[in-house]
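Examination of the molecular architecture
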Amino acid sequence: MDYKSKNLVAERKRRKKLGDRLLNLRALVPRITNMKKETIIEDAINYIQELQENVKFLTGKLQLLEVEPFSEEEANPKREETNTVEDVKKCGIQVESQT
């Protein structure tokens, strides 16, 4: 009897820990479509993949800007043009200063 109660307590602790971690994950992912465990995980995976695509896109854009020689007009971009560093920061990526 004592053996079964230990398993029961351990299983309750495991489920509580898993539930708490799912709540934390749900808080980090901006678009959760449903509150089921499997949906929270699927939405988190999709969000991470989206972030990875943004990183690839912005990294490529940044590399292009570093490689291309600037003309006088390009050195002083208009305000409407995209600022890659600002785009990177908007996506929640920390930019290291190269000074």
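Definitions and limits used
Residues numbered from 1 in each chain as written. Predicted model: local features only at pLDDT ≥ 70, side-chain atom pairs only at ≥ 80, totals over all residues. Heavy atoms only, no water. Helix = DSSP H or I, 4+ residues; strand = E, 2+ residues; numbered from the N terminus. Buried < 20%, exposed > 50% of the residue type's maximum accessible area, 1.4 Å probe, protein only. Contact = heavy atoms within 4.5 Å. Areas by Shrake-Rupley, 256 points an atom, 1.4 Å probe, with all protein chains shown as cover. Core = buried A, V, L, I, M, F, W, Y, C linked by side-chain atoms within 4.5 Å. Expected span 1.5 Å × (residues − 1).

Regarding the overall build of the chain
Assigned secondary structure in the chain consists of four helices and zero strands. Counting across all 99 residues of the chain, residues that qualify as buried make up 11%. Sequence separation of 24 or more characterises 23% of the internal contacts of the chain that already satisfy a separation of 6 or more. Only carbon and sulfur atoms are counted for the fraction: they give 54% of the accessible area of the chain, which is about 9100 Å².

Focus on the nonpolar core
Leu22, Val29, Ile32, Ile40 and Ala44 form the largest nonpolar core, which has five residues in total. What Ile40 contacts, discounting residues up to four positions off in sequence, is Leu22, Leu25, Arg26, Ile32, Asn34 and Met35.

As for helix 2 (residues 37–67)
For helix 2, which comprises 31 residues, the first-to-last C-alpha distance of 45 Å matches the rise-based estimate of 45 Å (1.5 Å per residue) to within 8%. Thr39, Ile40, Asp43, Ala44 and Leu58 are the residues of helix 2 that are buried.

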